[in-house]
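Below, each chain spelled out in residue letters.
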Amino acid sequence: MTNAVLFQNANLLDPQRAELLEDHHILVEDGVVREVSDKPIHSPSARAIDVRGKTVMPGLIDLHVHVIAVELNLARQVHMPNVLVTLRSVPILRGMLRRGFTTVRDAGGAGFAFKQAVDSGLAQGPRLFVSGRALSQTGGHGDMRARSDYMGNGDGVCATCVRVGALARVADGVDAVRKAVREELQMGADQIKIMASGGVASPTDPVGAFGYSEDEIRAIVAEAQGRDTYVMAHAYTAAAIARAVRCGVRTIEHGNLVDAPTATLMAQLGAYVVPTLVTYDALATEGESLGLPAESVAKVASVREAGLRSLEIYKAAGVKMGYGSDLLGESQRLQSDEFRLRAEVLSPAEAIASATTVGAEILGMSDRLGRLVPGALADLLVVDGNPLRDIGCLLGQGERIPLVMKEGVVQFDELATLH
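Residues numbered from 1 in each chain as written. Predicted model: local features only at pLDDT ≥ 70, side-chain atom pairs only at ≥ 80, totals over all residues. Heavy atoms only, no water.

A. Spotlight on the overall build of the protein chain. Secondary structure assignment for the protein chain yields 13 helices and 17 strands. Looking at the protein chain as a whole, 61% of its 419 residues are labelled buried. Within the protein chain, contacts between residues at least 6 apart in sequence are counted, and of these 69% link residues at least 24 apart. Counting only carbon and sulfur atoms, one obtains 52% of the accessible surface of the protein chain, whose full area is about 16,200 Å². (Helix = DSSP H or I, 4+ residues; strand = E, 2+ residues; numbered from the N terminus. Buried < 20%, exposed > 50% of the residue type's maximum accessible area, 1.4 Å probe, protein only. Contact = heavy atoms within 4.5 Å. Areas by Shrake-Rupley, 256 points an atom, 1.4 Å probe, with all protein chains shown as cover.)

The following block contains the structure:
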């Protein structure tokens, strides 16, 4: 007995084309797209949904989220009970899916148990690619200790790395980082996240500081490649980005302070970037009121102003850009606003490609995600409007996305309430 849905009379958005394909029909069976045609499809057993006048497009992919970032002040949540952090993450997951993000890559914090919870139906949320705990050197972007705290790092292992509320762990030296990578992979990480420069939310590292040494980065990359996966690196400055990609890092996260020669190097080496512009808007406008420490608020301006310029640099160099949001705590509701910011530099088609085809490519899922073609997983959105003309119909909390399907299962359906 097949589980089939037939979408009729759709305006189909293929991210590889900058136009809608009118009057198309999409048959979904057993979790995959079975057929796509501009001619009527006959399937007596399928539930038929007429979506005339609406856009049908692939589910969105956010490559930089933190589903366990339940507080904007990350240092505060490290000491929360594990159960409280976990339960507070459940509505965050659901909110992402409701906004049309059917796949997300967690950039530090969420482990295999979160994937199990979603896959089993215990929690409603997007498909997860998890990094486990991100790796940081002592005093780096993942070391959330105050300057007065000398506890927990004497042996190079973060005392809080077993806590659900910790997004990162601390490891120093080639042997220690090799072991840390092996542990995260053994615990179910899909890819490895490292800190290759300083950051905004961490208390003691300047944005321009280097993260790991080159020997450490190469060791981490080698361990990841040995398990047929890759390394994603938090990095802001051109110098930090260049040394990371030279050491084999595959995706640069944020990358605000890039320059043209570094972007050219990335393109030559086949590295990707995942900009996260919306998080700096959120930190600048809401950070202080939501508990972001003053030293972190002061660091936001330097990277925020460079964000839009970085998109121009990456585009000119031919670096492929994935979609990322990197929001924390209460600001997670702004996830889709990344589209609004990117639209100041990129076309709607380019912004949508970053959250579909480019995201699928980075995840190694080009044949399964990012497009609605036969054989692809049936991650599908029905949108009230044309995102190629008005990216605004993808913003907010899914108000203009009345139907969300993930792997052939309708997760939200408000079509009947539309007038």
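B. Up close: the pattern of salt bridges. Inspection of every chain in the model, using the stated rule, returns 22 salt bridges. With a shortest N-O distance of 3.2 Å, glutamate 29 and arginine 34 are connected by a salt bridge. With relative accessibility at 16%, the residue glutamate 29 sits in the buried group. We note a salt bridge from glutamate 223 to arginine 178, for which the minimum N-O separation is 2.7 Å. In this pair, glutamate 223 sits in helix 5 (residues 214-226) while arginine 178 sits in helix 4 (residues 174-186), placing the two residues 45 residues apart along the sequence. Classification of glutamate 223 as buried rests on a relative accessible area of 14%. Taken together, the salt bridges that share partners define one network made up of Arg127, Asp379 and Glu407. (Salt bridge = Lys/Arg side-chain N within 4 Å of Asp/Glu carboxyl O.)

C. Spotlight on unusual backbone geometry. Unlike most non-glycine residues, aspartate 30 shows phi in positive territory, near 50°. Looking at where aspartate 30 falls in the secondary structure, it is placed in the loop between strand 2 (20-29) and strand 3 (32-37). For aspartate 30, a relative accessible area of 47% corresponds to the partly exposed category. A positive phi angle is found at histidine 254, which is not glycine, with a value near 85°. For histidine 254, the position within the fold is in strand 13 (residues 251-257). With relative accessibility at 2%, the residue histidine 254 sits in the buried group.

D. Quick peek at the packing of aromatic side chains. In this structure the tally under the stated criterion is three aromatic pairs. Centre to centre, the rings of phenylalanine 101 and tyrosine 323 are 5.5 Å apart; their planes meet at 40°, and the pair counts as tilted. Residue phenylalanine 101 is located in strand 7 (residues 101-106), and its partner tyrosine 323 is located in the loop between helix 10 (307-317) and helix 11 (337-342); the two are separated by 222 residues in the primary sequence. The burial state of phenylalanine 101 is the same as that of tyrosine 323; both residues are buried. Here tyrosine 323 and phenylalanine 339 contribute two aromatic rings whose centre-to-centre distance is 4.5 Å and whose plane-to-plane angle is 45°, an arrangement assigned as tilted. Taken together, the positions of tyrosine 323 in the loop between helix 10 and helix 11 and phenylalanine 339 in helix 11 put the pair 16 residues apart, joining distant regions of the chain. Each member of the pair, tyrosine 323 as well as phenylalanine 339, is classed as buried. (Phe/Tyr/Trp six-rings, centres within 6.5 Å; stacked < 30°, edge-to-face > 60°.)

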